[in-house]
Amino acid sequence: MLAWTIYISFLGALVLLLLPQSSMRAARILALLTVVAGFAVTLVGFVQQRSGELVTVARAAWVPSLGIEYHLAADGISLTLLLLTGIVAISGVLFSWNIEHRTREFFAFYLTLIGGVYGVFLSFDLLLLFVFYEIAIIPKYFLIAIWGSTRREYAAMKLALYSFVGSAMVLIGLIAAYVVAGARTMDLVQLAQFPFPVHFQMWAFPLVFVGFGILAGLWPFHTWAPTGHVAAPTAASMLLAGVVMKLGAYGCLRVAMTLFPRGLDAWGFHVLGFGSWRDVFALLALIGIVYGAMVALVQKDFKFVIGYASVSHMGFVLLGLMTLQQIGLDGAVLQMFSHGILAGLLFAVVGRMVYDRTHTRDLSELETMHLSKSIPFAAVTFVLAGMASMGLPGFSGFVAELQVLIGVWREFPLFAVATGVGIVIGVAYIWRAMQKAFFGAPDRGALTATPPLPAITLPERIGAIILIGSSVIVGLYPQLLLRIIVPALHLPLFDSLWKGSRQ
Amino acid sequence: MTTINYLDLLHLVLPEVIVILGALCVLSVDLIFLRASTMRFRGSVGAILSLAGCAASVVWILHAPQSANILDGMLVLNPLAQRMQIVLLFLTMLTILTFIGSTFTQHVSEYLALILLATVSMMFLVSTQNLLLIFLSLELLSLSLYILTAFNKHSARSAEAALKYFIFGGISAAFLLFGFSLLYGLSNSANLMRIANSIHGPLLDPLLIVAMVMMMVGLGFKVAAAPFHFWAPDVYQAAPAPSAALIASSSKVAAFFILYQVMVIGFAGAEGSSSWHSYASGWVPVVAIVAVLSMVLGNLVAILQTSVRRLLAYSAIAHAGYMLLGILSHTQQSLVALIYYAITYALTVLGAFGVVALVENETGGDTLSDFAGLSRRAPVPSLCMLIFLLSLAGIPPLAGFFGKFYLFSSALTSTSGTLGLLWLVVLAIAMSAVSLYYYLKVLKYIYVVDPSAGATSIRIPVLRQVVLCLIAIGVVLLGCDPNLLLHWL
């Protein structure tokens, strides 16, 4: 059943290519129907899922001579991220309703990307996971290079190469694990139970973790993210920040940490105060949080503010993973969901509602336009999204970041203080951007000279409401997702991870 | 030595004989009956006759599989060799089909006959384990390819490329022959099996090492591995498109197969090792050095290219480097991986040359800017090119990705449990990450850049579109379900 999320997306892309060149309207509607169908399938799977346990979706021999299977399955973590993908995909289509240049191809690439993302979240065979992971790279390139803005070709190539280098590192780790285990299987559950030699895990873990971490915006490999987000068209930045960065974080948790749990153990000696890879990555994640927030504070371009904010928020996910605490991991998974929704919303406001109307993202120029009067809906949406992003109670971000913080407090007390500083700076940059972009001092002369801005359209309103609604629902009733995330973290798959952490 | 009845011999080599008859048929029909007809008609008749010849040969091999090892290894027929013959015939047929209607020469029948002769030599090449016959078939192959390269008489660059190819080929043939003679002197036999038996010993004879290096030079030239690659960019760029496609596809498959045979069978017992921290002299380190050079040089130089054909040439050098990994790990599994890789690579690069030829017909050049906006002017070939180039870059689910995965995992498995070849695999994967850059650059011109003002959509013959689509579908299918081919190998 859930497997149809993948098939529907790819089929939709194929049908789009067969449409005649001129049928823009049909292309949009077809794309919308496809993503809605994908989301509906996910929702059915979500409702049927009682307790987050692992449910096999499809399983067949693929390359028998190598022991590779076509194995799709879903547990609570997968389902949470599938839901996220569905929601962001729908609002992404709604926010790209105004694309008129090569519409058909735009949505074909878009749906291919979505299909690849669904595939990653569902794969339980490592080769299959890798296949879908790479399928998601190429459409990103074209979406940015063809429909993007500021320095689009540079940003697209940078993003593609960063992703590909990351996946090359992952591939090395996977092939090595496959050969070392010698069991002729790529099945995640079976390989996770294989006791790899500790010295092997000590180099394979950081390799695979960084490989996936590049896509999750791990500092200092995050530089693709701000440039990529800024150059991408609205829907693509929503997907990039909302879903694609989650692919990286998901890979870190699902592949790197379950396959090589001993890689997190202490080295037995100290270098510059680090005693294990866990310390190293926790510090990198922390630097990501604080550094991203500080850079976001001084940006002139509205979209760069959000781009660096993404790096900062993804730092919470990675830091949560490194706590190896139940509560920290819960928080990390919830933060993946929360950040996906909120980053999507923020990019939609900046890219679609503001930039497509004013054709500028320069905060000092926006300051003179007094946007809160001309497009009040955008202002309200941004205020709500900003509050959620700051981590105010009642929104999804609060629950997620609180859990991560508690986990960090227990494991790395000093880091928790620094993370708090990051959160405070987070309030500051959102406040500054809000003030400048929407509530700046009106310049009378400029206001009369510019023609009135087009009103916010219905698709935009619906998209914004869907995203705000999901954030509020999860914020008010986090148990909705936690009830399947928590049991999923206690599946046999994670056994060796918990065992390692209790030593 | 056993004596053999000539009629029996004829029976064994009937597939080759059929192809030769096909070549003669093409020549005579064209020269006797069709002198007055239009070029188009002559081209079609010639192509149909050649296709018929190849098809008949395939049918015969399938219908009456042979198994023989006669005349001191001169003719070795086994299921593997026969499958390789079928693959080569199949690739030749695809080459002819892709380029039906090319108009660079008046002498269509001679051109087709030469392609068939090259195919015959490749068929002999894969079904022999005797130094003499290896050398003879390699020479027949090379001579045909030199002429095929020079066949465009209106282009001075074509002649220049052929001359370069010929000079380098001559030198490398001399190296090869010298290596063979040393080997014969050492072992008193030209049969690869017997050579392996007699060179077996605890210490390698210095002469043997010289022979090894000489042969690597000679065969490295055929597979276009660095540093013996200097002919490749010029030939790929200036040869007529079908010749370049033939050199890049089937000739490469045959050359890799024979390189594997010579090294693995002929030098069995003198492998040595190139594992990390446990080097031992032998032929494996020699191949490893060539592989590293090819991967690094091919990928890095390809980045600088502005001509798509030259870019394909350097990428071919890089791919030769990857494939050498399959040879130096020399297990049964790595042989299968190597053949899978070589076949899918040949298919892909054949299709890519098909698209390049289309663009050349339309714009008169093959630089990146000639591809600008192709996706708006010819959507179907553009989509095919997208598939071919991404497959070459190793993006799943295309055949190129699975080929790489299989090749690299078999290389790691070959040193049981020690991951000795990990350093080579890491290098190969890192280099293939580099390669994505230049493949994406071509795709950027096709999909992102707008076509030049006034450019209209390109009219493409239906047959050519169909063939390109078939090759593209083949690349996708072999990637999605590699078992289709693995099962058969």
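Every chain's residues receive numbers from 1 upward, in the order its sequence appears when written. Working convention: letters from A go to chains and numbers from 1 go to ligands, in the order in which they are written. With the structure being a predicted model, the display of local features is reserved for residues of pLDDT at least 70 and the display and counting of side-chain atom pairs for 80 or more, all residues being used for whole-chain, interface and lining totals. As a convention, hydrogens and water are excluded, and side-chain values are obtained from all of the structure's heavy atoms.

A. Representation of the confidence of the model for chain A within the structure. For chain A, per-residue confidence averages 87 on the pLDDT scale, and 97% of positions sit at 70 or higher. Per residue, pLDDT captures the predictor's confidence, and it can take any value from 0 to 100. Only DSSP runs of H or I covering at least 4 residues are called helices, and only runs of E covering at least 2 are called strands; the numbering of each starts at the N terminus. Confidence, read as mean pLDDT per element, is least for helix α20 (residues 444-449) of chain A in chain A (53) and greatest for helix α5 (residues 126-135) of chain A (92).

B. Spotlight on helix α19 (residues 422-448) of chain B. If you check α19 of chain B, its first and last C-alpha atoms are 38 Å apart, about what 27 residues at 1.5 Å a residue would give, namely 39 Å. Each residue is assigned to one of three classes by its accessible area relative to the maximum for its type, calculated with a 1.4 Å probe on protein chains only: buried under 20%, partly exposed between the two thresholds, exposed over 50%. Summarising burial for α19 of chain B: 20 of the 27 residues are buried, a large majority. The span one expects for a helix is its residue count, reduced by one, times 1.5 Å.

C. Summary view of the packing of aromatic side chains. Note on ring pairs: Phe, Tyr and Trp rings are taken, using the six-membered ring of Trp, and paired if centres are within 6.5 Å. Classes follow the plane angle, with under 30 degrees stacked, over 60 edge-to-face and the rest tilted. Tallied over the entire structure, the rule returns 45 aromatic pairs over all chains. Look at F130 of chain A and F401 of chain B: their rings are 5.6 Å apart centre to centre, the planes differ by 25°, and that puts the pair in the stacked class. Taken as a pair, F130 of chain A in helix α5 and F401 of chain B in helix α18 (residues 399-414) lie in two separate chains rather than in one. Note on F130 of chain A: relative accessible area 2%, which makes it buried. Between Y178 of chain A and F405 of chain B the ring centres are 6.1 Å apart and the planes differ by 50°, which places this aromatic pair in the tilted class. Note that Y178 of chain A is positioned in helix α7 (residues 152-181) and F405 of chain B in helix α18, a pairing that runs across two chains.

D. Region of the structure containing the nonpolar core. Buried residues of nine kinds, namely Ala, Val, Leu, Ile, Met, Phe, Trp, Tyr and Cys, make up a nonpolar core once their side-chain atoms join them within 4.5 Å. Among the nonpolar cores identified, the biggest contains 392 residues, and F142, M257 and F438 of chain A together with F267, L324 and F405 of chain B are the most heavily contacted of them. With 21 residues, helix α15 (residues 332-363) of chain B is the single largest residue contributor to this core. Any two residues whose heavy atoms approach within 4.5 Å are treated as being in contact. Setting aside residues up to four positions removed in sequence, M257 of chain A forms contacts with F205, F209, C252, L264, L321, M322, L324 and L497 of chain A.

E. Here's a closer look at the pattern of salt bridges. What counts as a salt bridge is simple: a side-chain nitrogen of Lys or Arg found within 4 Å of a carboxyl oxygen of Asp or Glu. All told, the structure shown has 18 salt bridges over all chains when counted by the stated rule. Between R357 of chain A and E460 of chain A there is a salt bridge, and its shortest N-O distance comes to 2.9 Å. Residue R357 of chain A is found in helix α14 (residues 326-358), and its partner E460 of chain A is found in helix α21 (residues 458-476); the two are separated by 103 residues along the sequence. Neither R357 of chain A nor E460 of chain A differs from the other in exposure class; each is buried. For K164 of chain B, the salt bridge is made with D234 of chain B, and the minimal N-O distance between the two is 2.9 Å. Remark: D234 of chain B occurs in helix α10 (residues 231-238) and K164 of chain B occurs in helix α7 (residues 156-187); sequence separation between them is 70 residues. Note on D234 of chain B: relative accessible area 15%, which makes it buried. One salt-bridge network, held together by shared partners, links R352, D356, R357 and E460 of chain A.

F. A look at the interface of chain A and chain B. Contacts between the two partners involve 36 residues from chain A, matched on the other side by 38 residues from chain B. Here the buried area means the combined drop in accessible surface, using a 1.4 Å probe, for two parts upon being joined, counting both sides. In this assembly, chain A packs against chain B so that about 3,100 Å² is buried in total across both faces, 82% of it on carbon and sulfur atoms. There are one salt bridge connecting chain A and chain B. Linking E153 of chain A and K444 of chain B is a salt bridge whose minimum nitrogen-to-oxygen distance equals 3.2 Å. Secondary-structure elements contributing two or more residues to the side of chain A that touches chain B are β1 (55-63), α5, α6 (137-147), α7 and α9 (198-215) of chain A. It is α7 of chain A that contributes the most residues to the side of chain A that touches chain B, 14 residues altogether. In this classification, Asp, Glu, Lys and Arg are treated as charged, Ala, Val, Leu, Ile, Met, Phe, Trp, Tyr, Cys and Pro as nonpolar, and every other residue, Gly included, as polar. Residue classes in the side of chain A that touches chain B are distributed as 30 nonpolar, one polar and five charged.

G. Looking closely at helix α4 (residues 79-98) of chain B. Given a rise of 1.5 Å per residue, 20 residues ought to cover 28 Å, and the 28 Å separating the end C-alpha atoms of α4 of chain B matches this to within 8%. Within α4 of chain B, 15 of the 20 residues are buried, which leaves the element mostly enclosed by the surrounding structure.

H. A look at unusual backbone geometry. Look at the link from W219 of chain A to P220 of chain A: it is a cis peptide, with omega at 0°. Cis geometry marks the peptide bond from A226 of chain B to P227 of chain B; its omega dihedral reads 0°. A positive phi angle, close to 60°, is found at A224 of chain B, a residue other than glycine.

I. Fine view of the confidence of the model for chain B. Residues and elements named next belong to chain B. Here chain B shows a mean pLDDT of 88. Residues at 70 or above account for 99%. Mean pLDDT per element in chain B: strand β3 (residues 273-275) is the minimum at 74, and helix α14 (residues 308-328) is the maximum at 93. Among the scores for the predicted complex, ipTM is 0.89 and pTM is 0.92.

J. Seen up close, the environment of L27 of chain B. Residue and element names in this part refer to chain B. With respect to the helices and strands, the residue L27 is situated in helix α2 (residues 14-33). A C-alpha to C-alpha distance of 6.3 Å links L27 and E110, two positions 83 residues apart in sequence. Residues in contact with L27, not counting those within four places in the same chain, are S109, E110 and A113.

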